[in-house]
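An overview of the molecular structure
Single-letter residue listing:
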Amino acid sequence: TTREENSPSIQVKPLSYAELRRIFDKYDLSLDEAHMRDLIDSVNGNTMAIDLIAQMLSSSYQSISTEQMLAALSRTSDQSDSLPSTEHATLHRSVLAIFEIAQLSKSERTVLGCAALISEQGIDAELFRDALPPGCEKAVHALRTRGWLIRDQDVMKLQPMIRAVC
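1. Considerations on the packing of aromatic side chains
Here the structure, examined in full by the defined rule, presents one aromatic pair. Ring geometry for Phe99 versus Trp148: centroids 5.0 Å apart, planes at 85°, classification edge-to-face. Taken together, the residues Phe99 in helix α5 (residues 87-102) and Trp148 in the loop between α8 (137-146) and β2 (149-152) connect sequence positions 49 residues apart. Across from the ring centre of Tyr17, 4.0 Å away, lies the NZ or CZ of Arg37, which sits over that ring.

What follows is the structure in structure tokens.
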């Protein structure tokens, strides 16, 4: 959309399955077509959710199968049927499933709790590291590997989908 009458506008539309498939391909996942479509459908094609799921499935830090991810997404969908069918509800259900299947350690939960407090623009990565309790270095590495934390040059950020639910 646009605010000026004569300026060009950009149509925002959901990505096609082919475009969403490229997200999985980016992480070298070899999913069959049915599993890929099931994952996409289970999060209503939400790009952030698909990216995070693809990163988690490809992470060598934790072995999660496509079937386990789909089962977790299905369970949280069944448990949260009382939520309205909105984009925020889809994000909420997806994050619940991802938290369920990730089985975060106490240190990882501590780091995420701290990351939830930083602004959307992020925080200096060294300052973030120094603010964490001692012994959280492995947790930061694990969360970055899984895609939950993003380091962009010298700035540490929380993954946008998780931030949207916080």
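2. Details of the nonpolar core
With 46 residues, the main nonpolar core has Phe24, Leu39, Met69, Val111, Phe128, Trp148 and Leu149 as its most contacted residues. The dominant element in this core, judged by the number of residues it contributes, is helix α3 (residues 47-58), at seven residues. Setting aside residues no more than four positions away along its own chain, Phe24 makes contact with Leu29, Leu31, Met36, Leu39, Ile40, Ile50 and Ala54.

3. Focus: the packing of helix α1 (residues 17-26) against helix α2 (residues 33-42)
Running from N to C, α1 and α2 point in directions that differ by 100°, and their axes come no closer than 11 Å. As far as their axial angle goes, α2 and α1 are roughly perpendicular. Contacts between α1 and α2 involve Tyr17, Leu20, Arg21 and Phe24 from the former and Glu33, Met36, Arg37, Leu39, Ile40 and Asp41 from the latter. Counted by class, the contact of α1 with α2 contains six nonpolar, no polar and four charged residues.

4. Here's the deal with a negative patch on the surface
Taken together, Asp32, Asp38, Asp41 and Glu67 make up a surface patch of like negative charges. Note on placement: Asp41 falls in helix α2.

5. A few points about the packing of α1 against α3
When two helices pack together, their arrangement is given by the angle between their axes and by how far apart the axes lie. One way to put it is that α1 packs onto α3 with a least axis distance of 8 Å and a crossing angle of 25°. Comparing their axes, α3 and α1 come out roughly parallel. Once α1 is placed against α3, the crossing between them reads as right-handed. The segment α1 lies against α3, with Leu20, Ile23, Phe24 and Lys26 engaging Thr47, Ile50, Asp51 and Ala54. Split by residue class, the contact of α1 with α3 holds five nonpolar, one polar and two charged.

6. Notes on the pattern of salt bridges
On inspection of all chains with the given rule, the structure shows nine salt bridges. Between Lys26 and Asp51 there is a salt bridge whose closest N-O contact spans 3.1 Å. Taken as a pair, Lys26 in helix α1 and Asp51 in helix α3 lie far apart in primary sequence, 25 residues in all. Residue Lys26 is classed as exposed on the basis of its relative accessible area, which comes to 53%. Classification of Asp51 as buried rests on a relative accessible area of 18%. Across the salt bridge formed by Arg146 and Glu108, the nearest N and O atoms sit 3.4 Å from each other.

7. Focus: unusual backbone geometry
Here Asp28, not a glycine, exhibits a phi torsion of approximately 55°, which is positive. For Asp28, the position within the fold is in the loop between α1 and α2. If you check the backbone angles, Gln103 has positive phi at about 50° while not being a glycine. Note on placement: Gln103 falls in the loop between α5 and α6 (106-115). We classify Gln103 as exposed; its relative accessible area is 64%.

How each quantity is defined
Residues numbered from 1 in each chain as written. Predicted model: local features only at pLDDT ≥ 70, side-chain atom pairs only at ≥ 80, totals over all residues. Heavy atoms only, no water. Phe/Tyr/Trp six-rings, centres within 6.5 Å; stacked < 30°, edge-to-face > 60°. Helix = DSSP H or I, 4+ residues; strand = E, 2+ residues; numbered from the N terminus. Lys NZ or Arg CZ within 6 Å of the ring centre and 35° of its normal. Core = buried A, V, L, I, M, F, W, Y, C linked by side-chain atoms within 4.5 Å. Buried < 20%, exposed > 50% of the residue type's maximum accessible area, 1.4 Å probe, protein only. Contact = heavy atoms within 4.5 Å. Axes fitted to C-alpha atoms, helices over the stretch in contact; angles between N-to-C directions. Parallel < 35°, antiparallel > 145°, perpendicular 65-115°, else oblique. Nonpolar A, V, L, I, M, F, W, Y, C, P; charged D, E, K, R; others polar. Patch = residues over 30% accessible without salt bridge, like charges linked within 9 Å, V, L, I, M, F, W, Y side chains within 5 Å. Areas by Shrake-Rupley, 256 points an atom, 1.4 Å probe, with all protein chains shown as cover. Salt bridge = Lys/Arg side-chain N within 4 Å of Asp/Glu carboxyl O. Lys, Arg positive; Asp, Glu negative; His and termini not counted. Charge placed at Lys NZ, Arg CZ, Asp CG, Glu CD. Left-handed = near helix turned anticlockwise from the far one by under 90°.

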